[in-house]
Amino acid sequence: MPVKSNAQSPVGSTGGPGILPERPAIVVLTGAGISKESGLATFRDADGTWNRVRIEDVATPEAFETDPLMVQSFYNARRAQLADVHPNAAHIALAELERRFPGEVLLVTQNVDDLHERAGSRALIHMHGELKKARCLNCGAVLSWPGDLTPDSPCDRCRRLGQLRPHIVWFGEVPLEMDRIQTALEHCRLFVSIGTSGTVYPAAGFVWTAGQAGARTVEINLEPGNGASLFDEAFYGPATRVVPEFLARLDLTAI
């Protein structure tokens, strides 16, 4: 049930060239909250990753330069976790939205897991990178890499040793595909934010950009995020319940 409504009734780390819409009618942003219900740990909760591991040790370019083995080991463990989790009802409902909406949908995720892909989403941007990819510091290649990385792993393209890093956006680095995301936000008619705290920029500012462009803005979360007052509507509860319910009621002909 909506707890707030001020509204009137009435898409490197991507899906690939030719798939991502430049001006989608619907833009969806997802954060750690949607994957948590599949069993993946979040970062900022009381029991989250950053309360167990220091950001400075595993999630900065400086950490990788200082101790590549430690950084690779951290992401190897996270990558291995993906074999034990599966897409949930919220992931599946979003993939179904992409299939049944007659216009274009772009899904932007802050998550580095592959649960959206496994659910069937195709018009997808991983703005913070992907666990199952590696990037070569020598030639710039972005490679599919489902297994472990080591400081001596060779690049499949240039064959240099020790140049592969996780294809993850670390602190101090610029998120991926920001120009494409900005264009999508400026032209969408519906923006939905799911399972994100609204504390990490630039994603926390997406609602403002979409709202300024005239889009209907909706927050779906366990509880109000930091930018809750910027949304036209809000629906609170588990994503596995609220996302399918919201999308089932959504009048796609009015978007």
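Residues numbered from 1 in each chain as written. Predicted model: local features only at pLDDT ≥ 70, side-chain atom pairs only at ≥ 80, totals over all residues. Heavy atoms only, no water.

The name that an unreviewed UniProt entry assigns to the protein chain is NAD-dependent protein deacylase, with the source organism given as Phaeovibrio sulfidiphilus. According to its UniProt record, the protein chain has this under Sequence similarities (unreviewed entry): "Belongs to the sirtuin family. Class III subfamily." UniProt, in its Function (unreviewed entry) section for the protein chain, records the words "NAD-dependent lysine deacetylase and desuccinylase that specifically removes acetyl and succinyl groups on target proteins. Modulates the activities of several proteins which are inactive in their acylated form." (UniProt positions renumbered as here; feature names shortened; annotations may be inferred.)

Undergrad: Would you mind showing me how to read the overall build of the protein chain here?
TA: In terms of helices and strands, the protein chain carries nine helices and 10 strands. Across the 255 residues in the protein chain, those meeting the buried criterion constitute 51%. Total accessible area on the protein chain is roughly 11,900 Å²; 51% of this is exposed by carbon and sulfur atoms. (Helix = DSSP H or I, 4+ residues; strand = E, 2+ residues; numbered from the N terminus. Buried < 20%, exposed > 50% of the residue type's maximum accessible area, 1.4 Å probe, protein only. Areas by Shrake-Rupley, 256 points an atom, 1.4 Å probe, with all protein chains shown as cover.)

Undergrad: Which parts of the structure should I look at to understand the UniProt feature "active site" (unreviewed entry) in the protein chain?
TA: Per the UniProt record, "active site" (unreviewed entry) is found at His-128. Within the fold, His-128 resides in the loop between strand S4 (124-126) and strand S5 (129-136). On the basis of relative accessibility, which here comes to 16%, the residue His-128 falls in the buried class. Residues contacting His-128, with those up to four places away along its chain left out, are Thr-109, Gln-110, Val-112, His-167, Ile-168, Val-169 and Pro-175. (Contact = heavy atoms within 4.5 Å.)

Undergrad: Sorry, what's going on with the environment of Glu-245 here?
TA: Tracing the chain through its elements places Glu-245 in helix H9 (residues 239-249). Classification of Glu-245 as partly exposed rests on a relative accessible area of 33%. With 155 residues separating them along the chain, Glu-245 and Ala-90 place their C-alpha atoms 9.5 Å apart.

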